[in-house]
Amino acid sequence: MARPEPLGIKRIEAIHYYVRRIERSQRFYTELLGFRELGRSSPALEREGGQTSRLFGARDCQVLVSAPESERSRAARFLRKHPEGIGTIIFEVEDAQRAFDLLDGRGGTPIDEIYRAEDDGGSLASFSITTPFGDTTFRFVERKGYRALMPGFEHYDAPVGRDNPYGFDHFDHITSNFQTMSPALLWMEHVLGFERYWDIEFHTRDVSLEEGHTGSGLRSVVMNDPLSEVKFANNEPLRPFFKASQINLFNEDHRGDGVQHVALAVDDILPCVRGLRAAGVKFMPTPGSYYDALPGRIESAGIGGIDEDLEVLRELEILVDGEAERRYLLQIFLEDSASYYDDPESGAFFFEIIQRKGDDGFGAGNFRALFESIERQQVAEGRRPDEQPSGGPS
């Protein structure tokens, strides 16, 4: 069977995040992450949409945050069903009409017709589709010199905040959790034209013995757009102990399938993490035993050696993984919003920070380390349920 024609995706332009209190997001992005506040929704756009919005950015990482001002707004409708989280992923495409026609012809479900607008600098064309990612929609935007994020959006002459002191560069990948991911994988392959890129599965039986609970499991498949190399990692719970899987717990906390985390790429993770910690950013903990075993893992993985001091990595709790000589990646994960704010309605979303040093994979060993770190945090917070035995009530 011939592979579907690529949609002409250029990049992930922005993620659209729905919150209840936009002031808290302003503090998080500008004071903690060092993003600049680039603009806001105009009064006319707020009256029309029933929500207020702010745009935060660091180089090619843009986060649009919206809070409801009316129960009819998209933000309010999302938040009636879910805690705070990502409601839309925005892609820049080469040709909106071509992308629309391809998606419509492959069984995609457009929400609207192509919307077109012009300003002094050029033109914009955009449309949205529904997805298997719960209530998260995808929006496709073609820009030909159009400067504003969208019609009715006001960009500041002088953006507020520091100019990306931690060196964020672009969105490396987006990870989503599903109760069952096969429909999403098939949709991404046959409707979006993505290809399978990487996969893994495991179960944390060692944590079960350590902590005296059932442990949990994960199956993950990464899908890749061959033109832009935009990547989506997709997870589902793995039996046994399906209900104890933190993928399933995310689904329960989020009240449906959705985006779990977004990875922010940097060129130098050490000063980035050191600066973020000094600013008060909280990260998921990594046990000292991880670093005790790290020299052996680096050797057995065939990496041979790394440039970074292992004691500095231990101090900053940065993870290492790779599969070839002198080719590896470094990554770390922020606390999820619910833990950070001690508020379940803040949502289970979190950011990852990643530096790639010749490795384009997803860190099989670190997948387990992340999984176990989340699991330990859920244990500490009393958020892990007792797993029913096989055949028990669902």
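Everything numeric in this text was worked out from a predicted model, so none of it was measured. Positions within a chain are numbered from 1, following the residues in the order the chain's sequence is written. Note on the predicted model: pLDDT of at least 70 is required for a residue's local features to be given, and 80 or more for side-chain atom pairs to be given and counted; whole-chain, interface and lining totals, by contrast, use all residues. Just so you know, side-chain values use all the structure's heavy atoms and leave hydrogens and water out.

Novice: Help me understand the overall build of the chain, please; the structure alone is not making it clear to me.
Specialist: Of regular secondary structure, the chain possesses 13 helices and 17 strands. Burial status across the chain gives 56% buried among its 394 residues. All accessible areas in this document rest on Shrake-Rupley with a 1.4 Å probe, and a residue is counted as covered only by the protein chains that are shown. Looking at the chain as shown, the accessible area adds up to about 16,700 Å², and 47% of this sits on carbon and sulfur atoms. Secondary structure follows DSSP: runs of H or I at least 4 residues long count as helices, runs of E at least 2 residues long count as strands, and numbering of each begins at the N terminus. Each residue's exposure class comes from its accessible area (1.4 Å probe, protein chains only) as a fraction of the maximum for that residue type: buried when under 20%, exposed when over 50%, partly exposed otherwise.

Novice: In this structure, what is going on with helix α1 (residues 22-32)? I would like to understand it.
Specialist: Helical geometry note: an α-helix holds 3.6 residues per turn, so side chains three or four residues apart project in the same direction. Where α1 is concerned, the buried positions are I22, R24, S25, F28, Y29, T30 and L32. One or two residues past the end of α1 sits G34, with phi positive at roughly 75°.

Novice: I keep staring at the environment of G302 and nothing clicks. Help me out?
Specialist: Looking at the secondary structure, you find G302 in the loop between α10 (294-300) and α11 (310-316). Among the residues examined, G302 registers a relative accessible area of 35% and is labelled partly exposed. Here the alpha-carbon distance between G302 and R327, two residues 25 residues apart in the chain, equals 9.0 Å.

Novice: I would appreciate a short explanation of the nonpolar core in the present structure.
Specialist: Proteins that are soluble and globular tend to have nonpolar side chains buried together. What makes a nonpolar core is a set of buried Ala, Val, Leu, Ile, Met, Phe, Trp, Tyr and Cys residues whose side-chain atoms join them at distances within 4.5 Å. Counting residues in each nonpolar core, the largest one holds 83 residues, and the members touching the most others are F140, F168 and F351. In terms of residue count, helix α5 (residues 182-192) provides more of this core than any other element does, six residues in total. In what follows, residue pairs with any heavy atoms lying within 4.5 Å of each other are defined as contacts. When sequence neighbours within four positions are dropped, the list of residues in contact with F140 reads L7, I9, F91, V93, L103, A125, S126, F127, I129 and L192.

Novice: What is the right way to read the pattern of salt bridges from this model?
Specialist: Side chains that differ in charge, positive against negative, can pair when their charged atoms come close. Definition used for salt bridges: Asp or Glu carboxyl oxygen within 4 Å of a side-chain nitrogen of Lys or Arg. If you walk through the whole model with that rule in mind, you get 28 salt bridges. Two residues, E195 and R3, come together in a salt bridge whose shortest N-O distance is 3.1 Å. Placement of E195 in strand β11 (residues 195-203) and of R3 in the segment before β1 (9-18) is noted, with a sequence separation of 192 residues between them. Residue classification places R3 among the exposed positions, given a relative accessible area of 66%. For R356, the salt bridge identified is with D172, shortest N-O distance 2.9 Å. Here D172 lies in strand β10 (residues 168-177) and R356 lies in strand β17 (residues 350-357), a separation of 184 residues in the sequence.

Novice: Sorry, what's going on with the sheet that holds strand β16 (residues 327-333) here?
Specialist: Across a sheet, paired strands are connected by hydrogen bonds in the backbone, their directions being either parallel or antiparallel. Strand order in the open sheet formed by eight strands is β11-β12-β13-β10-β14-β17-β16-β15, with mixed pairing between adjacent strands. In this open sheet, the two strands that pair with only one neighbour each are β11 and β15 (319-324). Put simply, the sheet's adjacent strands are angled 25° from each other on average, direction ignored. Only when DSSP finds a minimum of two bridges between them are two strands counted as paired. Examined bridge by bridge, strand β14 (residues 258-266) and β17 share five bridges and lie parallel to one another. Residue pairing for β17: V262 is matched across the bridge by F351. Note on method: axes are straight lines fitted to C-alpha atoms, helices fitted across the in-contact stretch only, with angles between N-to-C directions ranging 0 to 180 degrees.

Novice: Looking at this structure, I do not really get the side chain of D172. What am I missing?
Specialist: With relative accessibility at 12%, the residue D172 sits in the buried group. Excluding residues that lie within four positions of it along the chain, D172 makes contacts with K231, A263, A265, I354 and R356.

Novice: Is there a simple way to explain the pairing of β1 in this structure?
Specialist: Within β1, eight of the ten residues are buried, which leaves the element mostly enclosed by the surrounding structure. As paired strands, β1 and strand β5 (residues 85-93) are joined by eight bridges and run antiparallel to one another. By the bridge assignment, A14 is partnered in β5 with I90. Across four bridges, the pairing between β1 and strand β4 (residues 61-68) is parallel. Paired with Y17 across the strands is V65, a residue of β4.

Novice: Which parts of the structure should I look at to understand the packing of aromatic side chains?
Specialist: Within 6.5 Å between ring centres, the rings of Phe, Tyr and Trp (the latter by its six-membered ring) count as paired, and their orientation is classed by plane angle as stacked under 30 degrees, edge-to-face over 60, tilted in between. Applying the stated criterion across every chain, the model contains 26 aromatic pairs. Judged by centre distance (5.3 Å) and plane angle (25°), the rings of F127 and F140 are stacked. On the criterion of sequence distance, the pair formed by F127 in strand β7 (residues 122-129) and F140 in strand β8 (residues 137-144) is long-range, its members being 13 residues apart. Comparing F127 with F140 shows no difference in burial state: the two are buried.

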